[in-house]
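Here is how the chains run, residue by residue.
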Amino acid sequence: MALEIERKFLLPEFPERLIGTGELLRQSEHRIEQTYLALDGPQELRVRRIVDLATEEVSYTHTFKSGHGLAREEVEYNISQGIYEQVIHAFGAIPLTKNRITATWGDHVVEIDIYDQIQLMVLEVEFDSEEAAVAFEPPAWFGKDISTEKQYSNKKVWRELQERRN
């Protein structure tokens, strides 16, 4: 199982100025719809529909994650559109939707998620080790570090969407 090591920040505003100056280089933008199939403590099972907004290419993934905080185990693989649609229809859940902008900032790749159903924008940075993650000094424009705050997790936001529907 692969280990995902990342820090997550509550982005106070979209860094348009940094994109304009070239300090933040936009690499791609994707439209993501994700639905959780099972949640049990630190474990989660989800599916995603991902659309590359530049090429309109669509892909589907199935992901298992375990843990919380800086380092979590993760297994992710592609699935067919047919399997994705069967699962989505069987569960009848409301997908969590967001746009994800992947960009380069210095030596780091950052992902900015802009959510639709709630007013939330987060920035994530992945690392090769927990030591590198802990040693990382974020700039002020990243905002508050929410890496260990569960209320900002995608699965918590998704659960709240399901509760609003009922």
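Residues numbered from 1 in each chain as written. Predicted model: local features only at pLDDT ≥ 70, side-chain atom pairs only at ≥ 80, totals over all residues. Heavy atoms only, no water.

A. Spatial organisation of the overall build of the protein. The helix and strand tally for the protein stands at 4 helices and 9 strands. Counting helices and strands in the order they occur from the N terminus, the protein gives β-α-β-β-β-β-α-β-β-β-α-β-α. Computed over its C-alpha atoms, the radius of gyration of the protein comes to 16 Å, within 12% of the 15 Å expected for a compact globule of 166 residues. Once the C-alpha set of the protein is aligned to its principal axes, its extents read approximately 45 × 35 × 30 Å. Residue pairs in contact within the protein that sit at least 24 positions apart in sequence constitute 59% of those at least 6 positions apart. Approximately 9,100 Å² of the protein is accessible, and the part contributed by carbon and sulfur atoms is 50%. Distance from the positive charge centre (19 side chains) to the negative charge centre (30 side chains) of the protein: 6 Å. (Helix = DSSP H or I, 4+ residues; strand = E, 2+ residues; numbered from the N terminus. Rg over C-alpha atoms; globule rule 2.2 N^0.38 Å. Contact = heavy atoms within 4.5 Å. Areas by Shrake-Rupley, 256 points an atom, 1.4 Å probe, with all protein chains shown as cover. Lys, Arg positive; Asp, Glu negative; His and termini not counted. Charge placed at Lys NZ, Arg CZ, Asp CG, Glu CD.)

B. Quick peek at the nonpolar core. In this structure, Leu-24, Val-110, Leu-123, Trp-141 and Phe-142 are the most contacted members of the largest nonpolar core, which totals 19 residues. Every element with two or more residues in this core is listed here: strand E1 (2-10), strand E6 (96-105), strand E7 (108-115) and strand E8 (121-126). Those residues in contact with Val-110 that sit more than four places away from it in its chain are Leu-24, Ile-101, Thr-102, Ala-103, Trp-105, Leu-123, Glu-124, Val-125 and Phe-142. Grouped together as the second largest cluster of nonpolar side chains are 11 residues, Tyr-115, Val-122, Ile-146 and Leu-161 included. (Core = buried A, V, L, I, M, F, W, Y, C linked by side-chain atoms within 4.5 Å. Buried < 20%, exposed > 50% of the residue type's maximum accessible area, 1.4 Å probe, protein only.)

C. Local environment of the pairing of E6. Extensive coverage of E6 is indicated by the burial of 9 of its 10 residues. Here strand E2 (residues 24-40) pairs with E6 via 10 bridges, running antiparallel. When the sheet's bridge partners are listed, His-30 is paired in E6 with Arg-100. By the bridge criterion, 8 bridges tie E6 to E7 in an arrangement that is antiparallel. Within E7, the residue paired with Thr-104 across the bridge is Val-109. (Pairing = 2+ DSSP bridges.)

D. Broad picture of the packing of aromatic side chains. All chains considered together, the criterion is met by 9 aromatic pairs. Both rings, one in Trp-105 and one in Trp-141, keep their centres 6.0 Å apart while their planes meet at 80 degrees; by these two values the pair is edge-to-face. Linking Trp-105 in strand E6 with Trp-141 in the loop between helix H3 (130-135) and strand E9 (144-145), this pair joins segments that are 36 residues apart in sequence. On the basis of relative accessible area, Trp-105 is assigned to the buried category, the value being 14%. (Phe/Tyr/Trp six-rings, centres within 6.5 Å; stacked < 30°, edge-to-face > 60°.)

E. Layout of the pairing of E7. The hairpin turn running from E6 into E7, its antiparallel successor, is 2 residues long, and Gly-106 in that turn takes a positive phi close to 60 degrees. Sheet topology places E7 next to E8; 5 bridges connect them, and they run antiparallel. By the bridge assignment for E8, Asp-113 is matched with Val-122. Hairpin connection, E7 to E8: the antiparallel pair is bridged by 5 residues.

F. Layout of the environment of Lys-144. Here Lys-144 is to be found in strand E9. For the pair formed by Lys-144 and Leu-10, sequence separation is 134 residues and the distance between their alpha carbons is 5.2 Å. Apart from the residues within four sequence positions on either side, Lys-144 is in contact with Lys-8, Phe-9, Leu-10 and Glu-149.

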